[in-house]
Amino acid sequence: MIDDLFCDLDSKDQRREILADGALVLHGFARAQAPALLAAIGEVAAAAPFRRMRTPGSLRMSVAMSNCGPLGWLSDRQGYRYAPLDPDSGKPWPTMPGLFGQLAQMAATEAGFPGFAPDACLINRYEAGSKLSLHQDKDEADLGAPIVSVSLGLPAVFLFGGLKRNEPTTRVPLVHGDVVVWGGPARLRYHGVQALKDGRWPETGNCRLNLTFRKAGPPGDQ
Ligand code: MD6
Ligand code: FE
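Residues numbered from 1 in each chain as written. Chains lettered and ligands numbered in written order. Predicted model: local features only at pLDDT ≥ 70, side-chain atom pairs only at ≥ 80, totals over all residues. Heavy atoms only, no water.

**Q** What is the right way to read the coordination of the iron ion (ligand 2) from this model?
**A** Looking at the iron ion (ligand 2), the protein donor atoms are H135 (NE2), D137 (OD) and H191 (NE2), and they sit 2.1 to 2.3 Å from it. Each donor residue of the iron ion (ligand 2) lies on the same chain, and together they follow the pattern H-x1-D-x53-H. Here H135, found in strand β7 (residues 132-135), pairs with H191, found in strand β12 (residues 191-193); they are 56 residues apart in sequence, far enough to count as distant. Taking relative accessible area as the criterion, H191 reaches 5% and is therefore assigned buried. (Donors = N, O, S within 2.8 Å, 3.2 Å for Na, K, Ca; no water. Helix = DSSP H or I, 4+ residues; strand = E, 2+ residues; numbered from the N terminus. Buried < 20%, exposed > 50% of the residue type's maximum accessible area, 1.4 Å probe, protein only.)

Printed below as a string of structure tokens:
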């Protein structure tokens, strides 16, 4: 059964860690699919290369990004938003690989959010020193849907805060194959990623890759 392949959360490297009501880490959930995920990321990046976007304040982000799926997340002088076209090519973002959608839906179901149908997959690439400052994910039209986040390659420390920026944060170490799911009462919690430590990972070299799946368009749209 498919459950035995992907949802064996009792084995020692598939631990479930509750972060808050609505937020949890499924440790090792994507580990078996990691090689296929990395190959698919390579294909997406061939069509929509990683680029360091500018913040609305015009600073270049340290994390390089690409997208796949009907909508892609963008940041530039005009602000943050989702758009159907890659501004670098003028073409639609690459199609979301079938495996991505399936994995995201299974992880969401496992976390108590059945029926998750993401229309956006943001791909983040971190190198030594890359970080993501504390932020909320609130550019999505449908805040009723959860977010599913898959970590690949080098380990990182995820910072998990509260609903206000100044609340204390907890440090959550994430490794290759870990999946974070959050939604419901946790959907607007502040979070970030600490500066990546230098290192090498067999399949990703000096990088950490992160996939974040969202339902970015209006409810009902796909
Ligand atoms: C990252 N993740 O792990 C960045 N946002 O590279 C996020 O910003 C994020 O992991 C919302 C929910 C889960 C996440
Ligand atoms: Fe985020």
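**Q** Where do I start with the pairing of strand β9 (residues 156-160) in this structure?
**A** By the criterion of burial, β9 is predominantly enclosed, with five of the five residues buried. By the alternation rule, side chains of β9 split into A156, F158 and F160 and V157 and L159, which are all buried. Where β9 lies against β12, three bridges are found, and the strand directions are antiparallel. The residue of β12 that forms the bridge with L159 is G192. (Pairing = 2+ DSSP bridges.)

**Q** Looking at this model, I keep getting lost on the site of ligand 1. Mind explaining?
**A** Taken together, 14 residues lie around ligand 1, and Y126, D137, S149, H191 and R208 are the ones closest in. One nitrogen or oxygen atom from the side chain of H135 is found 3.1 Å from an oxygen atom belonging to ligand 1. In the environment of ligand 1, an oxygen atom lies 3.2 Å from a nitrogen or oxygen atom belonging to the side chain of N210. Look at ligand 1: alone it shows 340 Å² of surface, and the protein chains cover 99% of it. (Near = heavy atom within 4 Å. Polar contact = N/O pair within 3.5 Å; in protein donor to acceptor, adjacent residues only side chain to side chain. Areas by Shrake-Rupley, 256 points an atom, 1.4 Å probe, with all protein chains shown as cover.)

**Q** I keep staring at a positive patch on the surface and nothing clicks. Help me out?
**A** Together, R52, R54, R60 and R77 give the surface a local cluster of positive charge. When you line up the elements, R77 lands in the loop between β4 (72-76) and β5 (79-83). (Patch = residues over 30% accessible without salt bridge, like charges linked within 9 Å, V, L, I, M, F, W, Y side chains within 5 Å. Salt bridge = Lys/Arg side-chain N within 4 Å of Asp/Glu carboxyl O. Lys, Arg positive; Asp, Glu negative; His and termini not counted. Charge placed at Lys NZ, Arg CZ, Asp CG, Glu CD.)

**Q** Please explain the packing of aromatic side chains as it appears in this structure.
**A** One pair of aromatic rings is described through two measures. These are the centre distance and the angle between the planes. Within the structure shown, the criterion is met by four aromatic pairs. Ring centres 5.9 Å apart and planes at 85 degrees place the aromatic pair F100 and F213 in the edge-to-face group. Pair noted here: F100 is in helix α3 (residues 98-110) and F213 is in strand β13 (residues 208-214), with a separation of 113 residues, a long-range link. Residue F100 is classed as buried on the basis of its relative accessible area, which comes to 0%. Between F158 and W182 the ring centres are 5.5 Å apart and the planes differ by 40 degrees, which places this aromatic pair in the tilted class. Taken together, the residues F158 in strand β9 and W182 in strand β11 (residues 179-182) connect sequence positions 24 residues apart. Taken together through their ring pairs, the aromatic side chains of F158, F160 and W182 make up a single cluster. A cation over a ring is seen here: R208 above Y126, with NZ or CZ 4.9 Å from the ring centre. (Phe/Tyr/Trp six-rings, centres within 6.5 Å; stacked < 30°, edge-to-face > 60°. Lys NZ or Arg CZ within 6 Å of the ring centre and 35° of its normal.)

**Q** Is there a simple way to explain helix α2 (residues 34-47) in this structure?
**A** Between its first and last C-alpha atoms α2 spans 20 Å; for 14 residues at 1.5 Å apiece the expected length is 20 Å, and the two agree. Taken together, the buried positions of α2 are A34, L37, L38, A40, I41, V44 and A45. Down the axis of α2, the smallest arc covering the buried residues is 165 degrees, so these residues share one side. Turned more than 90 degrees away from the buried face of α2, the exposed residues are E43 and A46. (Expected span 1.5 Å × (residues − 1). Arc of directions from axis to C-beta.)

**Q** Please explain the pairing of strand β2 (residues 23-26) as it appears in this structure.
**A** Residues in a regular strand project their side chains so that they alternate between the two faces of the sheet. By the alternation rule, side chains of β2 split into A23 and V25 and L24 and L26, which are all buried. When strand β1 (residues 16-20) meets β2, the two strands line up antiparallel, connected through four bridges. From the neighbouring strand, A20 faces β2, where its bridge partner is A23. Remark: two residues form the turn of the hairpin made by β1 and β2, two consecutive strands paired antiparallel; G22 in that turn has positive phi of roughly 95 degrees. Direction of pairing for β2 relative to β11: antiparallel, over a ladder of four bridges. Paired with V25 across the two strands is V180, which belongs to β11.

**Q** Whenever I open this one, the side chain of N124 confuses me. Can you help?
**A** With respect to the element layout, N124 can be found in strand β6 (residues 120-126). Sequence-distant contacts of N124, defined by excluding residues within four places in its chain, comprise F50, V63, A64, M65, R208, L209 and N210. (Contact = heavy atoms within 4.5 Å.)

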